[in-house]
Amino acid sequence: MQRKRTIIISNRLPVRIERKEGQLHVIPSEGGLATGLGSIYKEGRNIWIGWPGFIPANEEEKIEVTEKLREHNLIPVFLTECEIEGYYEGFSNEVLWPIFHYHPSYAVYDQSYWNMYESVNKKFADSIMQQEVMDTDEIWIHDYQLMLLPKLVRAFNSKIAIGYFQHIPFPPDELFRGIPWRDELLKGLLGADLIAFHTYNDTQHFLNACTHILGIPIQNNCLRSGGRSVYVEVFPMGIDYDKFNELAQSPEIQTRAQDIRSFYQNRKFILSIDRLDYSKGIIERLKAFECLLKTYPETRNEVVLYMLVVPSRDTVPKYKELHDEINRMVGHINAVYGNNEWTPISYFYNSYDIAELSALYVASDICLVTSLRDGMNLVCKEFIASKESNNGVLILSEMAGASKELIGPLLVNPNSIQQICTALHMAIQMPEQEQRKRLDDSLEIVKKFNIRHWVRLFFKRLKEIKSIQQQELAR
Ligand code: G6P
């Protein structure tokens, strides 16, 4: 008898295909999810299905990529330009993303986006069906790009275990209600057995939406759908603690961190790292930094804001606008406050490898996270994991999922420029002993609830739920 198989599905594969000097290369992702699920999908007949972030030029390239990926247990779903536009840029990032990050005015309710979202979700479902799944297999679907997939998979297999994890927030039901296709989205998710979010609030918002919009009664964290009990639970995602911790202690990274500090003449080093996104509060952060220089003139010449923004979704109009606004504000602050010896903000629009990120975490005195809304925010956990042997202060938005989990950061409401400014001033002056105490409190959590723990717990729970369902059927 064949052993059960685990199938992971997400919009993006944990690798991307790049064309370099006429050759196609498989570039692995260094993201936490790829690491956490690495030991799962690479094993035996397990697989990961997703988009390789690449449009093949012809049928030969398609075959070449498919074969290359097969060696890594990866199955590509190829998307056409039209599909990328409607499903990814359109419905995922111009409807779901703004609504789920509490920006309803940014949503573009275009029927053609929805049509393409439906059709690409079906394309992902077809790809699963081609894998000849068995009743005993388990499927883990990731994130908002694939909300219809649980129902589509359930339609062709009523017994299979289906888990869904949403990496971004779930909005209050009255915000969600605004989406014209809200019923279909909720029903899509209800094909799963376990639906999980980072925080308790997200689970409550989802449960409220099921009751208030679909009229399904809920009992604690459970609801009945299609004759099954569906469980809605909290699974705060962790990071690869060991990787960040070990990198930070390594002599190469320590030397690189020293070089960075010397380059900035040992000034107080404030670090921020995020993807280009309006949900990250980058404008608010820049305003708060300007407020610091204005309100506490003694900090001028003494601090530097090192701001790394990773390019993202720059074909979506709101992201383009944000990019321009950041350029304008950085230019303004540097021009008004800087001088021959000192540039207040070092701004980079680029992506760095994990070694360079690690050196930045080690080098920094303050990590500043000002998300207006964030599912979890893993940057703040990476900063903490890099600080076992040197100090630092984490300033964390209370709108990020991580704020519900970590003990020790200076919490701020990112809409209050004044509060961020005061927190920056406090962090600059914080005694070393207090920094250590706060870091240690967070370290314990980040270390224990790491990415491997998260993956183990999710599968364990999915298995438990399947056996509860079987007992219910037998009654
Ligand atoms: C967030 C989402 C992921 C997404 C990532 C990068 O973390 O939760 O699903 O993959 O952003 O965004 P992108 O649009 O480049 O995939």
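Since this is a predicted model, take the numbers as computed values, not measurements. (Residues numbered from 1 in each chain as written. Predicted model: local features only at pLDDT ≥ 70, side-chain atom pairs only at ≥ 80, totals over all residues.)

A. Layout of the overall build of the protein chain. Looking only at helices and strands, one finds 17 helices and 17 strands in the protein chain. Here the C-alpha atoms of the protein chain give a radius of gyration of 23 Å, agreeing with the 23 Å that 2.2 N^0.38 yields for 475 residues. On the principal axes, the C-alpha backbone points of the protein chain span a range of 70 × 55 × 45 Å. In the protein chain, which comprises 475 residues, the proportion classed as buried is 45%. Contacts in the protein chain between residues at least 24 apart in sequence constitute 76% of all its contacts with a sequence separation of at least 6. (Helix = DSSP H or I, 4+ residues; strand = E, 2+ residues; numbered from the N terminus. Rg over C-alpha atoms; globule rule 2.2 N^0.38 Å. Buried ≥ 20, exposed ≤ 12 C-beta atoms within 10 Å, placed from the backbone. Contact = placed C-beta atoms within 7 Å.)

B. Representation of the environment of Val446 within the structure. Within the fold, Val446 resides in helix α16 (residues 432-448). Of the residues examined, Val446 has 25 C-beta atoms within 10 Å and is grouped as buried. Ignoring sequence-local partners within four residues, the contact set of Val446 consists of Gly238, Ile239, Tyr241, Lys381, Ile384 and Ala385.

C. Focus on the pairing of strand β1 (residues 6-12). Counting buried residues along β1, five of its seven residues qualify, which places the element largely inside the surrounding structure. Of the pairings in the sheet, the one linking β1 to strand β4 (residues 47-51) comprises four bridges and is parallel in character. Along β4, the bridge assignment pairs Ile8 with Trp48. (Pairing = 2+ DSSP bridges.)

D. Expanded view of the site of the ligand. Around the ligand, the structure places Asn11, Arg12, Asp143, His167, Ile168, Ser312 and Arg313. Considered class by class, the residues forming the shell around the ligand number one nonpolar, three polar and three charged. (Near = placed C-beta within 6 Å. Nonpolar A, V, L, I, M, F, W, Y, C, P; charged D, E, K, R; others polar.)

E. Structural view of the sheet that holds strand β11 (residues 228-234). With mixed pairing, the nine strands of this open sheet are ordered in space as β5-β4-β1-β6-β7-β8-β11-β10-β9. Here the strands that pair on one side only, and so sit at the sheet edges, are β5 (74-76) and β9 (218-219). Against the sheet, helix α1 (residues 32-41) engages β1 and β4, with an angle of about 145 degrees to β1. The strands touched by helix α5 (residues 149-156) within the sheet are β1, β6 (138-142) and β7 (161-165), with β7 carrying the most contacts at an inclination of about 175 degrees. (Axes fitted to C-alpha atoms, helices over the stretch in contact; angles between N-to-C directions.)

F. Fine view of the packing of helix α7 (residues 182-189) against helix α8 (residues 200-214). Interaxial distance between α7 and α8 falls to 11 Å at its minimum, and their mutual angle equals 125 degrees. Between α7 and α8, the interaxial angle falls into the category oblique. The crossing of α7 and α8 is left-handed. Side by side, α7 and α8 meet where Arg182, Asp183 and Leu186 of the first sit next to Ala209, Cys210, Ile213 and Leu214 of the second. Grouping the amino acids of the contact of α7 with α8 by side-chain chemistry returns five nonpolar, no polar and two charged. (Parallel < 35°, antiparallel > 145°, perpendicular 65-115°, else oblique. Left-handed = near helix turned anticlockwise from the far one by under 90°.)

G. Region of the structure containing the nonpolar core. By size, the foremost hydrophobic cluster in this structure holds 136 residues, and its most contacted members are Ile9, Ile139, Ile195, Cys380 and Ile395. The contacts of Ile195, once residues within four sequence positions are left out, are Tyr164, Leu189, Phe206, Val230 and Val232. (Core = buried A, V, L, I, M, F, W, Y, C linked by C-beta atoms within 7 Å.)

H. Geometry of the environment of Ser371. Mapped onto the elements of the fold, Ser371 is located in the loop between β15 (366-369) and α14 (379-385). What makes Ser371 buried here is the crowd of 28 C-beta atoms within 10 Å. Once residues lying within four places of it in the same chain are set aside, the contact partners of Ser371 are Ser279, Lys280, Gly281, Asn377, Ser397, Met399, Ala400 and Pro414.

I. Fine view of the packing of helix α11 (residues 282-295) against helix α15 (residues 417-429). Remark: α11 packs on α15, axes separated minimally by 8 Å, with the N-to-C direction vectors making an angle of 60 degrees. Between α11 and α15, the angle falls in the class oblique. The way α11 lies across α15 gives a crossing that is right-handed. Taking contact as the criterion, the partners of Glu284, Arg285, Lys287, Ala288, Cys291, Leu292 and Thr295 in α11 are, on α15, Ile417, Gln418, Ile420, Cys421, Leu424 and His425. Here the contact of α11 with α15 is composed, by residue class, of seven nonpolar, three polar and three charged.

J. Seen up close, the sheet that holds strand β13 (residues 303-310). Pairing in this open sheet of six strands is parallel, and the strands run β14-β13-β12-β15-β16-β17 from one edge to the other. Of all strands in the sheet, those bounded by a partner on one side alone are β14 (345-349) and β17 (410-412). Strand-to-strand twist of the sheet, defined as the mean angle between neighbouring strand axes without regard to direction, takes the value 15 degrees. By the bridge criterion, eight bridges tie strand β12 (residues 268-275) to β13 in an arrangement that is parallel. Following the sheet pairing, Ser272 is matched in β13 by Met307. Contacts between α15 and the sheet are confined to β12, β13, β15, β16 (393-397) and β17, with β17 contributing the most and set at about 165 degrees to the helix.

K. A look at unusual backbone geometry. One non-glycine residue, Glu132, adopts positive backbone phi at about 50 degrees. By secondary structure assignment, the location of Glu132 is in the loop between α4 (111-129) and β6. Residue class for Glu132 comes out exposed when judged on the 9 C-beta atoms lying within 10 Å of it. Even without being glycine, Gln265 reaches a positive phi, approximately 50 degrees. Residue placement: Gln265 occurs in the loop between α10 (251-263) and β12. According to the C-beta neighbour criterion, Gln265 is exposed, with 11 such atoms within 10 Å.

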